[in-house]
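Secondary and tertiary structure notes
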Amino acid sequence: MPELTVYRNSPVPRPQVCMYCGAPSTATQEWREVNRKPEKGGAGGTDVVPVAGGDDPVSAAFNLLLLPLALWQLLKGIVIGIRAVAGWLSRPTPPPSPPAPPKEPPTTRVAVTTCERHRRFALRFWWAWLGVVLVLTGLWAWAIAETARVVGTENVDFAVSLVMTAIVATILLPMGVGTWRFLAGPVIVDRVTEGTVVLARVRQVYFDATGLKSTDVGG
Ligand SMILES: [Zn+2]
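Residues numbered from 1 in each chain as written. Predicted model: local features only at pLDDT ≥ 70, side-chain atom pairs only at ≥ 80, totals over all residues.

1. Comments concerning the overall build of the protein chain
Within the protein chain, the secondary structure is distributed over four helices and six strands. Mapped from its N terminus to its C terminus, the protein chain presents α and β elements in the order β-β-α-β-α-α-β-β-α-β. Expressed as a percentage of its 219 residues, the buried residues of the protein chain come to 11%. Sequence-distant contacts, at least 24 apart, represent 79% of the contacts inside the protein chain between residues at least 6 apart. (Helix = DSSP H or I, 4+ residues; strand = E, 2+ residues; numbered from the N terminus. Buried ≥ 20, exposed ≤ 12 C-beta atoms within 10 Å, placed from the backbone. Contact = placed C-beta atoms within 7 Å.)

Written as structure tokens, this is what we have:
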């Protein structure tokens, strides 16, 4: 299914063409999508610095010899630190800088254009889901009632096949609607990057009618 890439800095002109059938559009659903960096996988980890063990007598003696030197270095460090703190305290105070205005996250204006017929295109899938729920509820109610009626008798074939039908329908019907929606569903925001918003399931007729470019993925 072709995709329509909307660039943040140069938004495409909005041709008044239905994204589903290529007919002149009468309705525009417009909103702003917040651009953000694609999530990166947790990289890195802490560096492991090898530390010399020094548990043996030789390095113990060596450390003892170095102790006066280490103390001298420490003292020197403290003096330098005190001097730095004194210098920092006596520094001229800089003029207070005005607080930076809060930075608005960048957004991209996205629009889905539709004709009158496809204005509520997404709605048909909600009806389909509702239909699936009703059919399955009815089927299971019937199967359970039938099973309860024939339990303990010889004549259970119909009840068993009803239960089997209900089980198969419970698997196949949602799969069917899901596949239908995946292949021919409403236009959606597929992904957002720092500079673009990619709309998926924009129909080919839209690109044919507008001359806009599309990137075709997955056939
Ligand atoms: Zn249409």
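Anyway, onward from the coordinates.
2. Focus on the packing of helix α2 (residues 123–150) against helix α3 (residues 157–184)
Here α2 crosses α3 at 170°, and the two axes come no closer than 8 Å. With respect to α3, the element α2 is oriented roughly antiparallel. Grouping the constituent residues of the contact of α2 with α3 by class yields 20 nonpolar, three polar and two charged. (Axes fitted to C-alpha atoms, helices over the stretch in contact; angles between N-to-C directions. Parallel < 35°, antiparallel > 145°, perpendicular 65-115°, else oblique. Nonpolar A, V, L, I, M, F, W, Y, C, P; charged D, E, K, R; others polar.)

3. Here we look at the nonpolar core
With 15 residues, the main nonpolar core has Val6, Met19, Val187, Val197, Leu199 and Val202 as its most contacted residues. Listing elements by their share of this core, those giving two or more residues are β1 (2–7), β3 (107–114) and β5 (196–200). Aside from chain neighbours lying at most four places away, what touches valine 187 is Met19, Val112, Leu199, Arg201 and Val202. (Core = buried A, V, L, I, M, F, W, Y, C linked by C-beta atoms within 7 Å.)

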